[in-house]
Amino acid sequence: MNFSEIDPWILAFAGITVAVTLWMGFRSSKSSKSASDFFVAGRSVSVGWNASAISGEYLSAASFMGIAGMVMSSGYDALWYPVCYACGYLFLLLFIAGPLRRFGAYTIPDFAEGRFDSPLFRRIAVCFVLFIGFFYTMPQMKGAGTALSYILPGLPYWVGVVVVGAVITLNVALGGMKGITLIQAVQYWIKMFAISTPVFVLLSVYGGYGENLAMNQSAAEAASKPAIVQPADPAEMQRKALPEKAPKDDAWLAPFGPLTTKAVKSAAAALPVEERAPFLAKNEKPFSLIYTFSLIVALVCGTAGLPHILVRFYTNPDGVAAKKTTMWVMILIGVFYVFPPVFGVLGRNLMPELYTGLAGVKGTDAVVLRLPTLISQKYGVVGSILSGITCAGAFAAFMSTFSGLLVSMTGALAHDVYGRMLRPNSTPGERMRMFKWCAVLIGSISVVLGCFVEPLEINFMVGQAFAIAAASYFPLLFMSVWWRGMTMKGAAAGMLTGGLCALLAATATNVSNLSLDKGAMGKIFSGFAPLNDFWAAHPLLRILCEQPAIWTVPLAIFLMVVVSKATRSSVPKDVRMKMLVLHAPEALGLKQEYIQEHQGPAH
Amino acid sequence: MSQSPPEETDFIHSEEFLHGLMKHQLKLSISCAAAFLLLLFGLPLFNYLAPEFMARRVGGFTVSWLVLGVLFFPYVWIIARIFITRSMALEDAEVRNAAEGNKRQS
């Protein structure tokens, strides 16, 4: 590692962010003693704090670094990610937030058990908390490794992953969730500041958002205006030449670009030359449309099914507060999400060398960290400061998301598996100790998995986590809340099938991508290289594997309906009471009645 | 032998009340969802069927970039706001309905 290359400003900002985060974690660990504090932050958090905290936790490395990276690498199509990340919340608000809050339970597995009176189902639900969680922690680890390699040039990627993973695991094991709520809220504002300030500065120096986009010629413009129109002041509006590897303007700017047409293009490349053009003309756009729809379904339904976000609704004092919180979350994250694409657009014009970086730490995923340094050419140290700010934001992003995920996954393992299933008679002290050990276990697994994913795009991996949630938790929650005919077997059949299919599809996609890597990962996963030939021969299958939501979500819902109807004798006897609790206004006190009835005979 | 609690026969535990609750709530949610889904699935279709229009420039942006990168967000906020206001009003109406229903029965 070359110490002379370390930029002191960048190191300082990142270091301060990390230190403040940890300090807040340790401080609050002193005041979180009881198990319930550990799990749901004492249940008394105001709308403002909770909205900031949910937003803070929601904005992961994908939001902070990944979107900008993907917009730069793939153009227009990548915009679906921020829009769906933000707007998926609407689905949550419309169909799930209110009823779930009224029902009230510590975790989603609790809801699963309570709605269907089935401890077995709880176990199944817990598995998905872990599956979805690990797919979500992997991109955070990549963010950590990328950021640390940027700050400390020469540091190997895996060291960054291990260091950050260890620090956060320790933080969670000691502080639980109460500390996390406060930290998450503050970190939203750090991230908001960190993404917007550099954008304003960069735009004032390098021209506006629209102006920079205008420098990319669409297909129609290239045809009608062969010469590029010179901007009024060439010194201000500059654009560097794009490397060969970069996507061309017209494909990048327009819908159905590089992101959604990869499968079709590699299939065409495998065909004899004369068949390529007709193949593409027939298939490129329709397949791309399918890809787009499937991506949208994954992201929108997935948001409504993310376990670590849903848990936060139980920290609201009542259902009305839960709805207001959701509204504020949508505003806070929506405003945030306007900014990362700007980095992508500017990065394309001003820092195109990132296109040639290896897909890992030197590639487009680092554009948010690296772009502000351009200002150093004119304004010296300001560039480093801005880059330090974005680094701080990046740290806030993956630290907060990773810790949130860790708490929710650990909670599932400790509270649900240990506390309810293995040793229901354990004391609170034993449970807290178990929590700490589970945190270490899950943190370690996340770190190990994270070491393998350097060649994969951050944003894409998060999309996969969403796809699994969309095919498992979303159908479960949606159908359980709105249809009283659901039985445990139906819910389980749907959730398991949809979720596992999505999981396998995501894994298959990842290992085939990893086998193509030119670095170490390519060697480790080289056994999967033949898959790529299969994909080239079957582009539609590849698309359905890369974005499985369009078939796994309907499959899950279909199975839930069919199997529930087939087992309709096992609909819970008190289903009307359950539905009342889910839907009746809290003022009518039906929930308290329900609790009393259930605390009667032991179950 | 457990006694059937007396509340079981009153209005708020009746099928009628629950059915009304769920029907009205679902209707509101679905109509808001429809407004959202119209743009969500409509935009790719627009991009597919009318690419020249979607590529027209507005202040440097293409129409499709402007919609997806900027305008989508306030559109969704408006839908959310409408939903929240209406669902809170609906909840108040439900509470009133429950009180009246109980009065009718007693």
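Within any chain, residue numbers begin from 1 and follow the written order of that chain's sequence. Labels follow written order: the first chain is A, the first ligand is 1, and so on. Local features in this predicted model are restricted to residues whose pLDDT is 70 or higher, and side-chain atom pairs enter the listing and the counts only when it is 80 or higher, whereas totals over whole chains, interfaces and linings include all residues. By convention in this description, side-chain values take in all heavy atoms of the structure and omit both hydrogens and water.

**As for the overall build of chain A**
Working step 1: Strands here are runs of E lasting at least two residues and helices are runs of H or I lasting at least four, both read from the DSSP assignment and numbered beginning at the N terminus. The helix and strand inventory of chain A stands at 29 helices and 0 strands.
Working step 2: Sequence-distant contacts, at least 24 apart, represent 84% of the contacts inside chain A between residues at least 6 apart.
Working step 3: Accessible area for chain A stands at about 20,800 Å²; split by element, carbon and sulfur atoms hold 69% of it. The contact criterion used is simple: two residues touch if any of their non-hydrogen atoms lie within 4.5 Å. Each accessible area is a Shrake-Rupley result for a 1.4 Å probe, and residues are judged covered by the shown protein chains and nothing else.

**Considering the overall build of chain B**
Working step 1: Check the secondary structure of chain B and you find 3 helices and 2 strands.
Working step 2: Moving toward the C terminus, one meets the helices and strands of chain B in the order α-α-β-β-α.
Working step 3: The globule rule used for comparison is 2.2 Å times the number of residues to the exponent 0.38, while the radius of gyration itself is calculated over C-alpha atoms. Here the C-alpha atoms of chain B give a radius of gyration of 23 Å, more than 25% beyond the 13 Å that 2.2 N^0.38 yields for 106 residues.
Working step 4: For chain B, with 106 residues in total, the buried portion stands at 42%.
Working step 5: When contacts within chain B are restricted to residue pairs at least 6 apart in sequence, those whose partners lie at least 24 apart make up 71%.
Working step 6: If you sum the accessible surface of chain B, you get close to 6,000 Å²; carbon and sulfur atoms cover 65% of it.
Working step 7: Positive charges come from Lys and Arg alone, negative charges from Asp and Glu alone, with His and the N- and C-terminal ends not counted. Charge coordinates come from a single atom per side chain, which is NZ of Lys, CZ of Arg, CG of Asp or CD of Glu. Counting 9 positive and 10 negative side-chain charges, chain B places the averaged centre of each group 16 Å from the other. Each residue gets one of three labels from its accessible area relative to the maximum for its type: buried under 20%, exposed over 50%, partly exposed in between, using a 1.4 Å probe on protein chains only.

**Some points on the confidence of the model for chain B**
For any part of a model where pLDDT is low, the fine detail of the predicted coordinates should not be relied upon.
All names here are of chain B.
Working step 1: This prediction gives chain B a mean pLDDT of 85; 91% of its residues lie at or above 70.
Working step 2: As a per-residue measure, pLDDT tells how confident the predictor is, with possible values from 0 to 100. The spread of mean pLDDT over the elements of chain B runs between strand E1 (residues 57-58), the lowest at 83, and helix H1 (residues 15-49), the highest at 91.
Working step 3: pLDDT under 50 marks residues 1-7. Its contacts with residues more than four places away, or in other chains, come to 2 contacts.
Working step 4: Interface confidence in the predicted complex, given as ipTM, is 0.87; pTM for the same model is 0.86.

**Thoughts on the pattern of salt bridges**
Residue and element names in this part refer to chain A.
Working step 1: When a carboxyl oxygen of Asp or Glu lies within 4 Å of a side-chain nitrogen of Lys or Arg, that pair is called a salt bridge. Taken as a whole and assessed by the stated rule, the structure comprises 9 salt bridges over all chains.
Working step 2: Here Arg-122 makes a salt bridge to Glu-113, at a shortest N to O gap of 2.5 Å.
Working step 3: Given a relative accessible area of 1%, Arg-122 falls into the buried group.
Working step 4: Given the relative accessible area of 10%, Glu-113 is considered buried.
Working step 5: The partner of Lys-578 in a salt bridge is Asp-574, and the shortest N-O contact between them spans 3.3 Å.

**Details of the packing of helix H4 (residues 61-74) of chain A against helix H16 (residues 340-350) of chain A**
Packed helices, taken two at a time, are described by their axes: the angle between them and the distance between them.
Residue and element names in this part refer to chain A.
Working step 1: Only C-alpha atoms enter the line fits that serve as axes; for helices the fit covers just the stretch in contact. Angles between N-to-C directions range over 0 to 180 degrees. The contact between H4 and H16 brings their axes to 7 Å, and the two run at 40 degrees. Put simply, H4 runs oblique to H16. As for the relative orientation of H4 and H16, their crossing is right-handed in sense. Each of Ser-63, Ile-67, Ala-68, Val-71 and Met-72 in H4 lies in contact with H16, whose residues at this interface are Pro-340, Pro-341, Phe-343, Gly-344, Val-345, Gly-347 and Arg-348. Oblique is the label for any angle not covered by the other classes, which are roughly parallel (under 35 degrees), roughly antiparallel (over 145) and roughly perpendicular (65 to 115). Rotating anticlockwise by less than a right angle from the far helix to the near helix defines a left-handed crossing, while the corresponding clockwise rotation defines a right-handed one.

**Points about the environment of Gly527(A)**
All names here are of chain A.
Working step 1: For Gly-527, the position within the fold is in the loop between helix H24 (520-524) and helix H25 (530-537).
Working step 2: For Gly-527, a relative accessible area of 62% translates into the label exposed.
Working step 3: Along the backbone, Gly-527 and Val-511 are 16 residues apart, and their C-alpha atoms lie at a distance of 9.1 Å.

**Focus: helix H23 (residues 488-515) of chain A**
Since the α-helix turns once every 3.6 residues, residues separated by three or four places project in the same direction.
Working step 1: In a regular helix each residue adds 1.5 Å, so 28 residues correspond to 40 Å; H23(A) covers 40 Å between its end C-alpha atoms and thus fits that length.
Working step 2: Burial runs high along H23(A): 20 of the 28 residues are buried. By definition here, a helix of n residues has an expected span of 1.5 Å times n minus one.

**Description of the nonpolar core**
Working step 1: Only buried residues count toward a nonpolar core, which is a set of Ala, Val, Leu, Ile, Met, Phe, Trp, Tyr and Cys residues joined through side-chain atoms within 4.5 Å. Counting 213 residues, the largest nonpolar core has Tyr85(A), Phe121(A), Tyr337(A), Phe395(A), Phe36(B) and Trp65(B) as the members making the most contacts within it.
Working step 2: Element by element, the count of residues in this core is highest for helix H7 (residues 119-151) of chain A, at 18 residues.

**Quick look at unusual backbone geometry**
Comment: phi is negative for the bulk of residues other than glycine, and the bulk of peptide bonds are trans.
Residue and element names in this part refer to chain A.
Working step 1: Positive phi outside glycine occurs at Asp-117, with the angle close to 50 degrees.
Working step 2: Mapping Asp-117 onto the fold places it in the loop between helix H6 (108-116) and H7.
Working step 3: Taking relative accessible area as the criterion, Asp-117 reaches 41% and is therefore assigned partly exposed.
Working step 4: Positive phi, close to 60 degrees, is recorded for Phe-256, a residue that is not glycine.
Working step 5: Structurally, Phe-256 can be placed in the loop between helix H11 (249-253) and helix H12 (258-269).

**Some remarks on the interface of chain A and chain B**
Working step 1: Contacts between the two partners involve 64 residues from chain A, matched on the other side by 50 residues from chain B.
Working step 2: For the pair chain A and chain B, the two sides together bury roughly 5,000 Å², of which 77% comes from carbon and sulfur.
Working step 3: Accessible area that two parts lose when put together, with a 1.4 Å probe and added across both, is what the buried area reports. Taken as a group, Tyr76(A), Leu94(A) and Trp482(A) account for 11% of the area that chain A buries against chain B, more than any other trio of residues on that side.
Working step 4: For the interface between chain A and chain B, the tally reads 3 salt bridges.
Working step 5: Where Arg102(A) meets Glu91(B), a salt bridge forms, and the shortest distance between an N and an O atom there is 3.0 Å.
Working step 6: A 3.5 Å cut-off defines polar contacts: any pair of N or O atoms within that distance qualifies, except that in protein one atom must be a possible hydrogen donor and the other a possible acceptor, and neighbouring residues in sequence count only when both atoms are side-chain atoms. Linking chain A to chain B there are 8 residue pairs in polar contact (both at pLDDT 80 or more).

**Here's the deal with the packing of aromatic side chains**
Residues and elements named next belong to chain A.
Working step 1: Note on aromatic contacts: the rings of Phe and Tyr and the six-membered ring of Trp form a pair at centre separations within 6.5 Å, being stacked when their planes are under 30 degrees apart, edge-to-face when over 60 apart, and tilted otherwise. The tally for this structure, following the rule as stated, stands at 27 aromatic pairs over all chains.
Working step 2: Here Phe-452 and Phe-525 contribute two aromatic rings whose centre-to-centre distance is 6.0 Å and whose plane-to-plane angle is 85 degrees, an arrangement assigned as edge-to-face. Of this pair, Phe-452 sits in helix H20 (residues 428-452) while Phe-525 sits in the loop between H24 and H25, and the two are 73 residues apart along the sequence.
Working step 3: Taken together through their ring pairs, the aromatic side chains of Phe-64, Tyr-81, Tyr-85, Tyr-136, Phe-336, Tyr-337 and Phe-466 make up a single cluster.
Working step 4: Any Lys NZ or Arg CZ found within 6 Å of a ring centre and within 35 degrees of that ring's normal is scored as a charge over the ring. The aromatic ring of Phe-116 is capped on one face by Arg-115, whose charged end is 5.0 Å from the ring centroid.

**A look at a nonpolar patch on the surface**
All names here are of chain A.
Working step 1: The grouping of Trp-9, Tyr-379, Val-381 and Val-382 at the surface amounts to a nonpolar patch, some 360 Å² of accessible area in total.
Working step 2: Examined against the element boundaries, Val-382 turns out to sit in helix H19 (residues 381-422).
Working step 3: By relative accessible area, Val-382 is classed as partly exposed at 36%. Residues qualify for a patch when their relative accessible area is over 30% and they have no salt bridge, like charges being joined within 9 Å and the nonpolar side chains of Val, Leu, Ile, Met, Phe, Trp and Tyr within 5 Å.

**What to know about the environment of Leu531(A)**
Residue and element names in this part refer to chain A.
Working step 1: Its place among the elements puts Leu-531 in helix H25.
Working step 2: The exposure class of Leu-531 is partly exposed, given its relative accessible area of 25%.
Working step 3: Sequence-wise, Leu-531 and Val-300 are 231 residues apart; in three dimensions their C-alpha atoms are separated by 29 Å.
Working step 4: When residues no more than four places from it in sequence are discounted, the contact partners of Leu-531 are Ala-508, Val-511 and Ser-512.

**Here we look at H7(A)**
Working step 1: In this model, H7(A) (33 residues) spans 47 Å end to end at C-alpha, consistent with the 48 Å of a helix rising 1.5 Å per residue.
Working step 2: In terms of residue burial, H7(A) counts as a mostly covered element, since 28 of its 33 residues are buried.

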